[in-house]
Amino acid sequence: MSEGANNNAPAGDIQTALAGVRAEIDHIDSELLRLLNERARCAQKVGEIKAEFGDAGFIYRPEREAQVLRRLQEINPGPLPGENITFFFREVMSACLSLEQPLGIAFLGPLGTFSESAATKHFGHAARLLPQVSIDDVFREVEAGHAHYGVVPVENSTEGAVGRTMDLLLGTSLKICGEVVLRIHQNLLSNESDLSQITRVYSHAQSLAQCHEWLNRMLPDAQRISVGSNAQAAQKAAEEPGTAAIAGEAAAARYKLPKRVENIEDEPNNTTRFLVVGRHEAGPSGRDKTSLIMSAPNRTGALHELLLPFSQAGVSMSRLESRPARNALWEYVFYVDVEGHYQEPGIQTALADLGQRAAYLKVLGSYPLAVY
């Protein structure tokens, strides 16, 4: 019953009915509080057991988290949608992990970027956020042990691959241990209420490209200026008159910029995929993906030969992308995503065969598919 329902009912009857429901809510809240703390104590026991048996190196296990979230979505009877269940329990797990040690998460900063949103979506608000100046710095912080994990963009549904991330994956010792899929809503942020007063628009190059047609229609004469991140664009727009930024909700809130126009992305399903990189591998979760890099010998039919082991082993490929090799002119490396964990027999067979065919082969990691 809502407080506005049955306007003809006596006020006393409504208050009595509401009081009963509110008492029930209070009882449920108390029980939730008790259970949450009981869960936190169990999480602490897990840490104590790991320490006792010498397995305290990595407190975060992405495969276990994915299994928990999937199970909860499967048994969720509603009315809460699965997305809300995932959000709530990620925060619960984040808070429980922080009792042992808050996870340090490096990402492309400053605060207010989509990378921050992806980091928070995956690790929860109890994580210790470590904004970096560049994607290179994200990798360096994790490699040096200054951050537990890094979150880096790898591809956008509109603009394709993020080249710098892919290049760094080629040389890093880090492993991919997770992925985050983030729906990207671009907004025009500005202190100018009249769009005709906007002469410059700041944003990251990919965001400018994602809003290219909208800008052509609505701000055809405004100069488009690429900067290192959308949050940096918001900082500039907050300081400079006659300017605007293209950025997300987090940047608008952090830099107190009004959203003059919302959802200006040209592609309504605009989505960015982020990778979680760390210093350890993820175990099998039951629904996984394996990423690898390979190169073909420079001869006719070489790429076909590289793809053959996957089809022969019954392994499904979900992504194939080429990048110029950095050590030779007009040579290319291929980035491949396949379904399954590298410990599965089919993928092991394919990798063994591929190792005999490829001029270069590097397994970047196996990790759980993103849980929405």
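Residues numbered from 1 in each chain as written. Predicted model: local features only at pLDDT ≥ 70, side-chain atom pairs only at ≥ 80, totals over all residues. Heavy atoms only, no water.

*Asks:* Honestly, a negative patch on the surface in this entry has me stumped. Any pointers?
*Replies:* The grouping of Glu159, Glu213, Asp266 and Glu267 at the surface amounts to a negative patch. Along the chain, Asp266 turns up in the loop between strand S10 (259-261) and strand S11 (271-278). (Patch = residues over 30% accessible without salt bridge, like charges linked within 9 Å, V, L, I, M, F, W, Y side chains within 5 Å. Areas by Shrake-Rupley, 256 points an atom, 1.4 Å probe, with all protein chains shown as cover. Salt bridge = Lys/Arg side-chain N within 4 Å of Asp/Glu carboxyl O. Lys, Arg positive; Asp, Glu negative; His and termini not counted. Charge placed at Lys NZ, Arg CZ, Asp CG, Glu CD. Helix = DSSP H or I, 4+ residues; strand = E, 2+ residues; numbered from the N terminus.)

*Asks:* For this particular structure, what's the right way to read the environment of Glu100?
*Replies:* Within the fold, Glu100 resides in helix H3 (residues 82-100). Put simply, Glu100 and Glu48 are 52 residues apart on the chain and 9.5 Å apart in space, counted from C-alpha to C-alpha. Setting aside residues no more than four positions away along its own chain, Glu100 makes contact with Ala43, Gly47 and Ile59. (Contact = heavy atoms within 4.5 Å.)

*Asks:* Sorry if this is basic, but what is going on with the sheet that holds S10 here?
*Replies:* Two orientations exist for strands paired in a sheet by backbone hydrogen bonds: parallel and antiparallel. One open sheet holds the five strands; their spatial order is S8-S7-S9-S6-S10, and the pairing between them is mixed. Each edge of the sheet is formed by a strand with only one pairing partner; in this case those strands are strand S8 (223-226) and S10. Averaged over all adjacent pairs, the angle separating strand axes in this sheet is 35°, with direction ignored. Taken together, the three bridges between strand S7 (residues 200-203) and strand S9 (residues 243-247) define a ladder with parallel strand orientation. Within S9, the position partnered with Val201 by the bridge is Ala244. Strands strand S6 (187-189), S7 and S9 of the sheet are contacted by helix H9 (residues 230-239), whose axis makes an angle of about 160° with S9. (Pairing = 2+ DSSP bridges. Axes fitted to C-alpha atoms, helices over the stretch in contact; angles between N-to-C directions.)

*Asks:* It is not clear to me how the packing of helix H5 (residues 135-143) against helix H6 (residues 163-171) should be interpreted in this structure. Could you clarify?
*Replies:* At a minimum axis distance of 9 Å, the contact between H5 and H6 shows a crossing angle of 35°. Read as a crossing pair, H5 and H6 show a hand that is right-handed. On H6, the residues touching Ile135, Asp136 and Phe139 of H5 are Arg164, Thr165, Leu168 and Leu169. Classifying every residue of the contact of H5 with H6 gives four nonpolar, one polar and two charged. (Left-handed = near helix turned anticlockwise from the far one by under 90°. Nonpolar A, V, L, I, M, F, W, Y, C, P; charged D, E, K, R; others polar.)

*Asks:* Would you mind going over unusual backbone geometry with me for this structure?
*Replies:* One can expect most non-glycine residues to show negative phi and most peptide bonds to be in trans. The step from Gly78 to Pro79 runs through a cis peptide bond, and the omega angle for that step is 10°. For Pro79, the location among the structural elements is in the loop between helix H2 (62-75) and H3. With an omega of 5°, the peptide bond between Gly109 and Pro110 qualifies as cis. By the secondary structure assignment, Pro110 is in the loop between strand S1 (104-108) and helix H4 (114-123). Non-glycine residue Lys256 carries a positive phi angle of around 55°. Among the secondary structure elements, Lys256 is positioned in the loop between helix H10 (249-254) and S10. By relative accessible area, which is 70% here, Lys256 ends up exposed. Of note, the phi angle at Asn263 is positive, near 50°, even though the residue is not glycine. Classification of Asn263 as partly exposed rests on a relative accessible area of 43%. (Buried < 20%, exposed > 50% of the residue type's maximum accessible area, 1.4 Å probe, protein only.)

*Asks:* Help me understand the sheet that holds strand S15 (residues 360-368), please; the structure alone is not making it clear to me.
*Replies:* Spatial ordering of the open sheet is given by S13-S14-S12-S15, a layout of four strands whose pairing is antiparallel. One side of each edge strand has no neighbouring strand; the edge strands of this open sheet are strand S13 (317-324) and S15. In this sheet, adjacent strand axes meet at a mean angle of 15° when their direction is disregarded. Packing of helix H11 (residues 302-312) onto the sheet brings it into contact with strand S12 (288-295), S13 and strand S14 (332-339), and relative to S12 it is tilted by some 155°.

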